[in-house]
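Results of the structural survey
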Amino acid sequence: SAAGIGMWATFRPRPGPRYLELMEKGRQELRLGLSDSRRNGVASFREATTLEPDSAAAQGLLALALYDAAELGPRSEAGAAVQASEQAARRALALDSREPNALAALALLQRSLDDWISTDRKLRQILDIAPDNAAALDSLVALLQASGYEKESWDLNERAVAFDPLRPLPQQRRALNHWNMGRPEEADKVSA
């Protein structure tokens, strides 16, 4: 009943400060996108999932951080990171079938098996759920740019910049797009 759900939501324990701190720290690590920050992000989200095992958000962010670790970390650790990413994504989706970071992790893990149209469709579906999802935005920008859709790639990257103007990856892509469009002076301004 609706009353029962309302009572459960009212009395459900709120996440503790350590969990909230770990989630914020992990998000900041993912935002930076550096190799050390990826490892730190995985560690933060792993600890957050031990504190709140039923948090779809923590599981989804762990899946995404593990995907990044598999993609950009040492090849010797990639297989284990891929498997752990998929497991975390499936746990997140069992808790919330629309958890955007888990959906993004699975879409990116399956990218090599899918054609680009399928990947494009999956990423756009994630953006319908969470318009500011950085993983889906970044991946769709890269896919469109690689496929020759420079205008749409530019527009989506500008959307990513608007959501978080200081995040490094969209700014790097902005400079590259200026360069590709024959505007080296603008590229230099963004890069400076």
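What you see is a predicted model, and the numbers here were worked out from it, not measured in a lab. (Residues numbered from 1 in each chain as written. Predicted model: local features only at pLDDT ≥ 70, side-chain atom pairs only at ≥ 80, totals over all residues. Heavy atoms only, no water.)

1. A closer look at helix α5 (residues 75-95)
Condition: Numbering goes from the N terminus for both helices and strands, where a helix is a DSSP run of H or I of at least four residues and a strand is a run of E of at least two. Expected helix span is given by 1.5 Å per residue-to-residue step, counting one fewer step than there are residues. We define the bend at any residue as the angle between the axes fitted to the seven residues before and including it, ending there, and the seven starting there. Think of it in three bands: residues with accessible area under 20% of the maximum for their type are buried, residues over 50% are exposed, and the middle band is partly exposed, with areas taken using a 1.4 Å probe on protein chains only.
Under the 1.5 Å per step criterion, the end-to-end length of α5 is 31 Å for 21 residues, consistent within 8% with the ideal 30 Å. Remark: the principal bend of α5, roughly 25 degrees, maps to A81. When we look at burial in α5, the residues that qualify are A78, A81, A84, S85, A88, A89, A92 and L93.

2. Details of the nonpolar core
Threshold: Put simply, buried Ala, Val, Leu, Ile, Met, Phe, Trp, Tyr and Cys residues joined by side-chain atoms within 4.5 Å make one nonpolar core. Contacts are residue-level and defined by heavy atoms, with any inter-residue pair within 4.5 Å sufficient.
Grouped together as the largest cluster of nonpolar side chains are 38 residues, with contacts concentrated most on M23, F45, L64 and L140. If you list the elements that add at least two residues to this core, you get α2 (17-32), α3 (35-51), α4 (56-72), α5, α6 (100-109), α7 (116-129), α8 (134-146) and α9 (150-163). Sorting elements by how many residues they give to this core places α4 first, with 8 residues. In this structure F45 touches M23, G26, R27, L30, A58, L61, L62 and A65, once residues within four positions along its chain are discounted.

3. Quick word on the side chain of E99
Here is the rule we go by: All tallies of charge rest on Lys and Arg as positive and Asp and Glu as negative; His and the ends of each chain are not included. Here, a salt bridge means any side-chain nitrogen of Lys or Arg that lies within 4 Å of a carboxyl oxygen of Asp or Glu.
Of note, E99 is situated in the loop between α5 and α6. Although E99 is buried, it makes no salt bridge; R27 carries the closest opposite charge, 7.4 Å away. Aside from chain neighbours lying at most four places away, what touches E99 is A56, A57, G60, A92 and L93.

4. What to know about the confidence of the model for the protein
As a reminder of what qualifies: Scored from 0 to 100, pLDDT records how confident the predictor is in each individual residue.
When the pLDDT values of the protein are averaged, the result is 88; 93% of them are 70 or greater. Ranking the elements of the protein by mean pLDDT puts helix α1 (residues 2-11) last, at 51, and α6 first, at 97.

5. Let's talk about the environment of A130
The topology assignment puts A130 in the loop between α7 and α8. Residue class for A130 comes out buried when judged on its relative accessible area of 10%. In sequence terms A130 and L93 are 37 residues apart; their C-alpha atoms lie 15 Å from each other.

6. Quick look at the pattern of salt bridges
Throughout the structure, instances matching the rule amount to 12 salt bridges. The residue R18 makes a salt bridge to E47 at a minimum N-O spacing of 3.2 Å. In this pair, R18 is assigned in helix α2 and E47 in helix α3, connecting sequence segments 29 residues apart. Overall, the relative accessible area of 38% leaves R18 in the partly exposed class. Looking at E47, the relative accessible area reads 32%, which means it is partly exposed. The closest approach of N and O atoms between D155 and K151, which form a salt bridge, is 2.9 Å. Taken together, the residues D155 and K151, both in helix α9 and 4 residues apart, mark about one turn of the helix.

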